[in-house]
Amino acid sequence: MRVTSSMMLRSTLRDLSLGLSRLQEQQTKLSTGKEITRPSANPTATSSAMSMRQDLRRADQRLRSLNDAQGWLQTADATLTSSLTALGRAKEIAVRAANTGGVADPVARNALATEIRSVRSELIALANTTYGDRSIFNGTATGGAYDANGVYGGNSARIIRDVAPSTSIEVNLTGPEIFGTAGGPVGDMFEVLDRLATAISNGDNAAMAAERTNLDAATSRVGAATVEVGTRSARLEEAKTRAEDNQLLLRTQLSEVEDVDIVETLIRVKAEESSYQATLQAAAKILPPSLLDYLR
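These lines cover the structure that appears in this document, whether it is placed above or below. (Residues numbered from 1 in each chain as written. Predicted model: local features only at pLDDT ≥ 70, side-chain atom pairs only at ≥ 80, totals over all residues. Heavy atoms only, no water.)

**Here we look at helix α5 (residues 189-202)**
In an α-helix, one turn spans 3.6 residues, which is why side chains three or four residues apart end up on the same side.
Okay, step 1: Between its first and last C-alpha, α5 extends 20 Å over 14 residues, near the 20 Å set by a 1.5 Å rise per residue.
Okay, step 2: When we look at burial in α5, the residues that qualify are M189, F190, V192, L193, L196, A197, A199 and I200.
Okay, step 3: Capping the start of α5, D188 holds a side-chain oxygen 3.1 Å from the backbone nitrogen of F190, two or three residues further along.
Okay, step 4: Following α5 by one or two positions, G203 has its phi on the positive side, about 70 degrees. (Helix = DSSP H or I, 4+ residues; strand = E, 2+ residues; numbered from the N terminus. Expected span 1.5 Å × (residues − 1). Buried < 20%, exposed > 50% of the residue type's maximum accessible area, 1.4 Å probe, protein only. Polar contact = N/O pair within 3.5 Å; in protein donor to acceptor, adjacent residues only side chain to side chain.)

Structure follows, in structure tokens:
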């Protein structure tokens, strides 16, 4: 077969174009830091990267859910701890009030009753604690959990957060679970404190003794709720640790597929540059002279 000048020219230009394309591809990888510059360059790696990115988005969402649940439970724990402190103060006042020698004066009794009502107001404020813009003890209802009179306005709905594949955790406790249910012979914590304040004002020792017993029961209920929140927080911490480890693993795997090895890519760039320069020099020697060469 006769090799013509045009055939040599087309072949040489094709080789030059391929060499330049390879060089540009390596330079693009080096500048972007990504091994996959276009899906068609490596369909298998592209498919793997897309799958990993989807898994990573799920992992990121799960971590956001875990952080939200953790913040919710931390807020609840701090609130319950403060509630126990307030109840301890109310019990101290009740003990002082039971000492008839110290509260024979009606003015002194009224002062102690005022302190009990102050504790009651403080506990109502704690019962209306919010995380973000949501009350943490009113279920899924809007607004505060309790009104100024201590009447519960929430519901018994649960707030669930996904913390792991096929695993979820309840992050809320409702007001009645913590502060008791209104009505009945005992009622909730706020009714107990209200009756205790009245008994102290009246100097009714029998009523004070009964309400102190009810106050002990209310304190035990809040203590049990505190333990429950602590248990959930511990589970949540373990789930968060696993989720963070999984997220790190996914990022590492994605980096192995997508990111370039800088040193290796630099070597490739230099190799392609040398190859392209050599091709240019060879082309300059083998390409036939043109009319312009004779006119110089």
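**Details of the packing of aromatic side chains**
Okay, step 1: Here the structure, examined in full by the defined rule, presents six aromatic pairs.
Okay, step 2: Members of the aromatic cluster, connected to one another through ring pairs, are F137, Y146, Y152, F179 and F190. (Phe/Tyr/Trp six-rings, centres within 6.5 Å; stacked < 30°, edge-to-face > 60°.)

**Thoughts on a negative patch on the surface**
Okay, step 1: A cluster of acidic residues, E237, E238, E244 and D245, forms a negative patch at the surface.
Okay, step 2: Classification of E244 as partly exposed rests on a relative accessible area of 37%. (Patch = residues over 30% accessible without salt bridge, like charges linked within 9 Å, V, L, I, M, F, W, Y side chains within 5 Å. Areas by Shrake-Rupley, 256 points an atom, 1.4 Å probe, with all protein chains shown as cover. Salt bridge = Lys/Arg side-chain N within 4 Å of Asp/Glu carboxyl O. Lys, Arg positive; Asp, Glu negative; His and termini not counted. Charge placed at Lys NZ, Arg CZ, Asp CG, Glu CD.)

**Some remarks on the nonpolar core**
For soluble globular proteins, nonpolar side chains are generally found buried alongside one another.
Okay, step 1: Ranked by internal contacts, the top residues of the largest apolar core, which has 49 residues, are I116, L123, F137, I178, F179, M189 and I200.
Okay, step 2: Put simply, the parts of the chain that give this core at least two residues each are α2 (43-98), α3 (106-127), α4 (175-179), α5 and α6 (205-258).
Okay, step 3: Take this core: its biggest share by element is 13 residues, from α2.
Okay, step 4: Membership of the second largest hydrophobic core comes to eight residues, among which are A45, A49, M52 and L254. (Core = buried A, V, L, I, M, F, W, Y, C linked by side-chain atoms within 4.5 Å.)

**Points about the side chain of S135**
Okay, step 1: Inspection of the secondary structure puts S135 in strand β2 (residues 134-135).
Okay, step 2: Overall, S135 belongs to the buried group, its relative accessible area being 4%.
Okay, step 3: Filtering out sequence-adjacent residues up to four positions away, S135 remains in contact with W72, A127, N128, T129, T130, G143, G144 and A145. (Contact = heavy atoms within 4.5 Å.)

**Considering the side chain of E211**
Okay, step 1: With respect to the secondary-structure elements, E211 resides in helix α6.
Okay, step 2: Judged by its relative accessible area of 8%, E211 is buried.
Okay, step 3: Among residues more than four places away in sequence, those in contact with E211 are V192, R195 and L196.

**Description of the pattern of salt bridges**
A pair can form between side chains of opposite charge whenever their charged atoms are brought close.
Okay, step 1: Scanning the model with the defined rule gives eleven salt bridges in all.
Okay, step 2: One salt bridge in this structure joins D55 and R58, with 2.3 Å as the shortest N-O distance. Of this pair, D55 and R58 both sit in helix α2, three residues apart, which is roughly one turn of the helix.
Okay, step 3: Judged by its relative accessible area of 28%, D55 is partly exposed.
Okay, step 4: You can call R58 partly exposed: its relative accessible area is 44%.
Okay, step 5: Here D216 and K91 are joined by a salt bridge, their closest N and O atoms 3.2 Å apart.

**Digging into the environment of R251**
Okay, step 1: Examined against the element boundaries, R251 turns out to sit in helix α6.
Okay, step 2: Distance in space between the C-alpha atoms of R251 and R53 is 8.6 Å, their sequence separation being 198 residues.
Okay, step 3: Those residues in contact with R251, other than ones at most four positions away along the chain, are L56 and D60.

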